[in-house]
Amino acid sequence: MTGYVAAQRISFGLYATDNIVLTPLNTGALNFNDKQSVILSGSTVTINLTDNAVAILTIEGQADMDVTVTIDAPTNLDLNVTNTIPLAIRFAYSNTGATTDITARASAIEVPAGFTTITFPIKRRASGLPLPPPTPSQAGYTGPTGTTYLFIYGTLGQVPVNVAAGNYTGNINIHVEYSKY
Amino acid sequence: MKILKPIHGLFIFLLVQTSMMLSAQSKTSVTIKAQAEVIDQSGIELVTIKNMEIDLSMARDGKIYVSALQDTQAAMMMVKGRANARFRIKFAPIVEITNSAGNGTLLLKYEMVGYSSDNQGAGEPIDATERILQMSSDSKYYFWVGGRIDISNARPGNYDGEFTIEIEYI
């Protein structure tokens, strides 16, 4: 019996090989100074989805598969242990098959604040009955690929009045994997 | 039966291992850096490079005019701050200058031009109403200050005054 339970762990994920490619499009950074050049104590800086300062990534993968995106972001940007600024990260995705980040952004879907994980198809499916399961990748066959855009943005602050001046940083980790059902 | 059980157990073990390895391969991660540079309000500095020089030889019909855009006698100032930062300036357009011997005052009406590099002739006029300007990529902005003064009724002596400019990041 134990053997059968273990066998069920061979899930949808097994159809996928390591063919998800995550590519940062701009500088690979979310720089709040790009939104507001001068950040002083007491400031709150919000980068919205429509702002140029948004960090953009592409997810390339098998078009007929779902992916689960997990954003692992700190709740503060730090200068050191005692000097920190609150950070609230949000993200949005666009899986309409857009070929540029500009058109992708226009149709992007914002994930509600507070959520850190979301699952969606690499390429949005048309309405109607669900399609049959995708053909697994195999020798001589590679499924169609698609590109989803991911937008990372958020709010910094309020910058505490007594923090030291300096460059505050933090790392946002983005994990993407094919969803397993 | 006693022989089959160990073989079955080994098979399960390998299956689980394979599943975990492939799952790991299908996961992709990337890290982006979030950053913000916080500065002190005092991180903006106004440096006087040259004072305005006025002497009587410049008078025409009892009036002196120093062009902020063209005259070498114009005062020159530089703002040092953060690269590409936007800032707001205000200044009093008319200032009273005082005879150092106590023999009255004169009114000096300022004119100012500004540019993001040291190029007086390219300066754009800046009036006294609140203006929003932008530092250059090397964190500087330059001002040249001239003015008009009527000395037709002035008493002899030295006159001193100050030009006050208010600068604030936005």
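Engineer: Lay out unusual backbone geometry with the relevant residues and their values.
Structural biologist: Of the consecutive residues G157(A) and Q158(A), the connecting peptide bond is found in the cis state with omega at 10 degrees. Locating Q158(A) in the fold gives a position in the loop between strand 10 (145-157) and strand 11 (166-178). For D61(B), which is not glycine, the phi dihedral falls at a positive 55 degrees. What makes D61(B) exposed here is its relative accessible area of 78%. Positive phi is not limited to glycine here, since S139(B) has a value of about 70 degrees. Note on placement: S139(B) falls in the loop between strand 9 (131-134) and strand 10 (140-150).

Engineer: Quick one: what's the story with the confidence of the model for chain B, residue by residue and with numbers?
Structural biologist: Residue and element names in this part refer to chain B. For chain B, per-residue confidence averages 76 on the pLDDT scale, and 83% of positions sit at 70 or higher. For the stretch residues 1-26, pLDDT sits under 50, and the model shows 21 contacts to residues farther than four places along the chain or on other chains. Confidence estimates for the predicted assembly give a pTM of 0.62 and an ipTM of 0.79.

Engineer: Account for the sheet that holds strand 9 of chain B, with residues named and values stated.
Structural biologist: Residue and element names in this part refer to chain B. Read from one edge of the open sheet, three strands run 9-5-12, paired in antiparallel fashion. Two strands in the sheet have a free side with no partner beyond their single neighbour: strand 9 and strand 12 (165-169). Taking the axes of each pair of neighbouring strands and ignoring which way they run, one obtains an average angle of 30 degrees across the sheet.

Engineer: Tell me about the layout of surface pockets, residues and numbers included.
Structural biologist: All names here are of chain B. The space that makes up the largest pocket amounts to roughly 740 Å³. Of all the secondary structure elements, the ones that give two or more residues to the lining of the largest pocket are strand 2 (45-50), strand 4 (75-80), strand 7 (105-115), strand 10 and strand 11 (159-160). At three residues, strand 7 tops the list of elements feeding residues into the lining of the largest pocket. In the lining of the largest pocket, the residues fall into 17 nonpolar, five polar and five charged.

Procedures and definitions
- Residues numbered from 1 in each chain as written.
- Chains lettered and ligands numbered in written order.
- Predicted model: local features only at pLDDT ≥ 70, side-chain atom pairs only at ≥ 80, totals over all residues.
- Heavy atoms only, no water.
- Helix = DSSP H or I, 4+ residues; strand = E, 2+ residues; numbered from the N terminus.
- Buried < 20%, exposed > 50% of the residue type's maximum accessible area, 1.4 Å probe, protein only.
- pLDDT = per-residue confidence, 0-100.
- Contact = heavy atoms within 4.5 Å.
- Pairing = 2+ DSSP bridges.
- Axes fitted to C-alpha atoms, helices over the stretch in contact; angles between N-to-C directions.
- 1 Å grid on protein atoms, 1.4 Å probe; cavity = no way out; pocket = protein on both sides within 12 Å on 5 of 7 lines; lining within 4 Å.
- Points joined across faces, edges and corners; volume = space filled by probe spheres on them.
- Nonpolar A, V, L, I, M, F, W, Y, C, P; charged D, E, K, R; others polar.

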